[in-house]
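What the coordinates show
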Amino acid sequence: MGHKTVNPESLPKPSGFAHGILAGNTVFLGGQTALDKDMKIVPGGIVEQFTQAFSNVLTTLREAGGQPDDLVNVTIFLTDVEDYMAHGREIGRIWRDMAGSQYPAMAGIGVTRLWQEEALIEIQAIAVISER
């Protein structure tokens, strides 16, 4: 069985990567930073960047035919783990507003920097699209 590239038009045009790959009913969601359509990292701190990055992930998932409850694995790369933890309640509320209260297997990993120097967060995920 082949696979299909998923690159929503509402996200920045990828160059050298795909926003997502649909293989069967599994969607591999490429790492998303807080880039907006103009290829700029959204202003603000970790909360604003989480919101944009997670929105980018969900946009790709929906384009592939999935929904937030199809997420089975999420990895969050952070340049400042303490800052993320300090805003954990607010980020958790945003997650629930955007994706509901079902949580996939998750990991948070501290890194020294991300591709865009001003990026504080990058979110990568895997989803398995359920038959509805």
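Source: prediction; values computed, not measured. Per chain, residue numbering runs from 1 following the sequence as it is written. Where totals are concerned, whole chains, interfaces and linings use all residues; where local detail is concerned, this predicted model gives features only for residues with pLDDT of at least 70, and gives and counts side-chain atom pairs only at 80 or more. Each side-chain value is worked out from all heavy atoms of the structure, with water and hydrogens disregarded.

Focus: the packing of aromatic side chains
When two rings of Phe, Tyr or Trp (its six-membered ring) have centres within 6.5 Å they constitute a pair, described as stacked for plane angles under 30 degrees, edge-to-face for angles over 60, and tilted for the intermediate range. As enumerated under the stated definition, the model contains 3 aromatic pairs in all. Judged by centre distance (5.5 Å) and plane angle (25°), the rings of F50 and F54 are stacked. You can see F50 and its partner F54 sitting in helix α1 (residues 46-63), 4 residues apart, about one turn around the helix. The burial state of F50 is the same as that of F54; both residues are buried. Ring plane angle 15° and centroid distance 4.3 Å describe the contact between F54 and W95, whose orientation is recorded as stacked. Taken together, the residues F54 in helix α1 and W95 in helix α3 (residues 88-99) connect sequence positions 41 residues apart. For the pair shown, F54 and W95 are each scored as buried. Every member of this aromatic cluster is reached through a ring pair, and the members are F50, F54, W95 and Y103. Here a helix means four or more residues in a row that DSSP labels H or I, a strand means two or more in a row labelled E, and each is numbered from the N terminus. Only protein chains enter the accessibility calculation, which uses a 1.4 Å probe; a residue is then buried when its area is under 20% of its type maximum, exposed when over 50%, and partly exposed in between.

What about α3?
Expected helix span is given by 1.5 Å per residue-to-residue step, counting one fewer step than there are residues. In a regular helix each residue adds 1.5 Å, so 12 residues correspond to 16 Å; α3 covers 16 Å between its end C-alpha atoms and thus fits that length. Of all the positions in α3, only I91, G92, I94, W95 and A99 are classed as buried. Looking straight down α3, one finds its buried side chains confined to an arc of 160°; they lie on one side. Residues R89 and D97 are exposed on α3 and point more than 90 degrees away from its buried face. Throughout, a residue-residue contact means that at least one pair of heavy atoms, one from each residue, lies within 4.5 Å. Its buried side turned inward, α3 meets α1, β4 (71-78), α2 (81-86) and β5 (105-110). Two residues or fewer past α3, G100 is found with a positive phi of approximately 90°. Think of it as the arc spanned by the lines of direction from the helix axis to the C-beta atoms.

Quick look at the side chain of E122
The topology assignment puts E122 in strand β6 (residues 121-128). Those residues in contact with E122, other than ones at most four positions away along the chain, are G31, Q32, T33, T75, I76, F77 and L114.

Observations regarding the pairing of β6
Bridge analysis of strand β3 (residues 26-32) against β6 gives 5 bridges, and the strand direction is antiparallel. Pairing of T26 across the sheet is with V128, part of β6. Strands were regarded as paired on the criterion that DSSP finds at least two bridges between them. Relative to β6, β4 is paired through 7 bridges, and the arrangement is antiparallel. The partner of N73 across the bridge, within β6, is I126.

Quick look at unusual backbone geometry
If you check the backbone angles, M39 has positive phi at about 65° while not being a glycine. Overall, M39 belongs to the partly exposed group, its relative accessible area being 48%.

Some thoughts on the environment of Q102
Along the polypeptide, Q102 turns up in the loop between α3 and β5. With 33 residues separating them in the primary sequence, Q102 and D69 have C-alpha atoms 6.4 Å apart. Apart from the residues within four sequence positions on either side, Q102 is in contact with D69 and W95.

What about the packing of α1 against α3?
Axis definition: a line fitted to C-alpha atoms, limited for helices to the stretch in contact. Angles are taken between N-to-C directions and run from 0 to 180 degrees. Viewed as axis vectors pointing N to C, α1 and α3 meet at an angle of 25°, and their least axial separation amounts to 10 Å. Taken together, the axes of α1 and α3 are roughly parallel relative to one another. Viewed along their axes, α1 and α3 form a crossing whose handedness is right-handed. Judged by residue contacts, I46, V47, F50, T51, F54, S55, L58 and R62 of α1 engage E90, I91, I94, W95, M98 and A99 from α3. If an angle is under 35 degrees, it is roughly parallel; if it is over 145, roughly antiparallel; if it lies from 65 to 115, roughly perpendicular; otherwise it is oblique. If you view the pair so one helix is near and one far, a crossing is left-handed when the near helix is turned anticlockwise from the far one by less than a right angle, and right-handed when it is turned clockwise.

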